[in-house]
Every structure is written in C-alpha cells, then in structure tokens.
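Residue-level listing of the chains:
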Amino acid sequence: QVQLVESGGGLVQAGGSLRLSCVASGNIFGCKGMAWDRQAPGKQREWVGSHTIGGMTSYSDSVKGRFTISRDNAKTMYLWMNNLTPEATGVYYCNTKIPGVTGTRDYWGQGTQVTGDA
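These remarks concern the structure in this document. (Residues numbered from 1 in each chain as written. Predicted model: local features only at pLDDT ≥ 70, side-chain atom pairs only at ≥ 80, totals over all residues. Heavy atoms only, no water.)

## Overview of the overall build of the protein chain
Across its full length, the protein chain carries 0 helices and 11 strands. Along the chain direction, N to C, the helices and strands of the protein chain fall in the order β-β-β-β-β-β-β-β-β-β-β. For 118 residues, the compact-globule estimate of 2.2 N^0.38 gives 13 Å, and the protein chain sits close to it at 14 Å. If you line up the protein chain on its principal axes, its C-alpha atoms span 45 × 25 × 20 Å. Within the protein chain, contacts between residues at least 6 apart in sequence are counted, and of these 53% link residues at least 24 apart. If you sum the accessible surface of the protein chain, you get close to 6400 Å²; carbon and sulfur atoms cover 52% of it. Across the protein chain, the mean location of the 11 positive side-chain charges is 7 Å away from that of the 8 negative side-chain charges. (Helix = DSSP H or I, 4+ residues; strand = E, 2+ residues; numbered from the N terminus. Rg over C-alpha atoms; globule rule 2.2 N^0.38 Å. Contact = heavy atoms within 4.5 Å. Areas by Shrake-Rupley, 256 points an atom, 1.4 Å probe, with all protein chains shown as cover. Lys, Arg positive; Asp, Glu negative; His and termini not counted. Charge placed at Lys NZ, Arg CZ, Asp CG, Glu CD.)

Below is the structure:
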C-alpha cells in the first residue's frame, strides 16, 4: 500500500518562504513522477506543479518563477515556495500515480496547511 505524507506547512508572512516535504512509503514501482496540488478555501483543488522521474518539472502559471519542486530520491519530494502571497493559502497535497494490474491509481497524502499572512 502506497502512502504519502506531507509536512512543512505553517503560517508565513507575505514575501516569506516555506519548504514542504512529501515522503512516500510502500511500493511505488512504475511511478512516473509526483506532483503538488493545493486547495484554497472555498475553491477546487488545483495543480501546482509536477516532477517526473526523469527530472523534468512543470508549474502552473500562478506559481511559475516562485515555486520550485525538487526530489532527493524516488520517494522524497519538496516544494520550495518563495515570495509567498496570501493567495498561496490552502492545503497542499502530494500526489502520485502508480500503474497496477487493473489500471493506474492515484494516491494522495493528507495534506499540509499553508497560510499566507497578509
């Protein structure tokens, strides 16, 4: 069973920085990459950025240039957030997709809360 655990959230002042971590456990064989999503209060969950197993990264326009995703290894991913604004407030989730016999399955962590203080 694959589990993802996020950590590192908190309250940060406008313009500040924060680093989120995501650690996967279990069998992630076949995983092509990992991603970060976030859900702001009262809004739908949105994609923030992705990191493929080959090292390619991509970001949403809203965070491009301010957020960076990196990975220590196949099971540990980070989200470096700089120049934070109150709009960054939300719960940040780690996501990965693992292929299986019956198809590809999505896995999510429990999320970590980030609050941008105006």
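## Some points on unusual backbone geometry
Here the phi dihedral of Asn 83 falls at roughly 50°; this positive angle occurs in a residue that is not glycine. Looking at the secondary structure, you find Asn 83 in the loop between strand S8 (76–81) and strand S9 (90–100). For Asn 83, a relative accessible area of 44% corresponds to the partly exposed category. (Buried < 20%, exposed > 50% of the residue type's maximum accessible area, 1.4 Å probe, protein only.)

## Focus on the nonpolar core
One finds Trp 36, Phe 67, Leu 79, Met 81 and Tyr 92 to be the most contacted residues of the largest nonpolar core, which totals 26 residues. Those elements that place two or more of their residues in this core are strand S3 (18–25), strand S4 (33–39), strand S7 (67–73), S8 and S9. Ranked by residue count, the leading element in this core is S3, at 4 residues. Leave out the neighbours within four places in its chain, and Leu 79 touches Leu 18, Arg 19, Leu 20, Trp 36, Val 48, Phe 67, Thr 68, Ile 69 and Tyr 92. (Core = buried A, V, L, I, M, F, W, Y, C linked by side-chain atoms within 4.5 Å.)

## Some points on the packing of aromatic side chains
Here the structure, examined in full by the defined rule, presents 1 aromatic pair. With 6.2 Å between their ring centres and 55° between their planes, Tyr 78 and Trp 80 make a pair best called tilted. Classification of Tyr 78 as buried rests on a relative accessible area of 11%. Its relative accessible area of 37% is what places Trp 80 among the partly exposed residues. Across the ring face of Trp 108, the terminal group of Arg 45 is positioned such that the distance to the ring centre comes to 4.7 Å. (Phe/Tyr/Trp six-rings, centres within 6.5 Å; stacked < 30°, edge-to-face > 60°. Lys NZ or Arg CZ within 6 Å of the ring centre and 35° of its normal.)

## Focus: the state of the cysteines
Cysteine pairs can be linked by a disulfide, which is a covalent bond between their two sulfur atoms. Applying the stated criterion across every chain, the model contains 1 disulfide. No disulfide involves Cys 31; its sulfur sits 9.1 Å from the nearest other cysteine sulfur, which is in Cys 94. Using a relative accessible area of 9% as the deciding quantity, one classes Cys 31 as buried. (Disulfide = S-S within 2.5 Å.)

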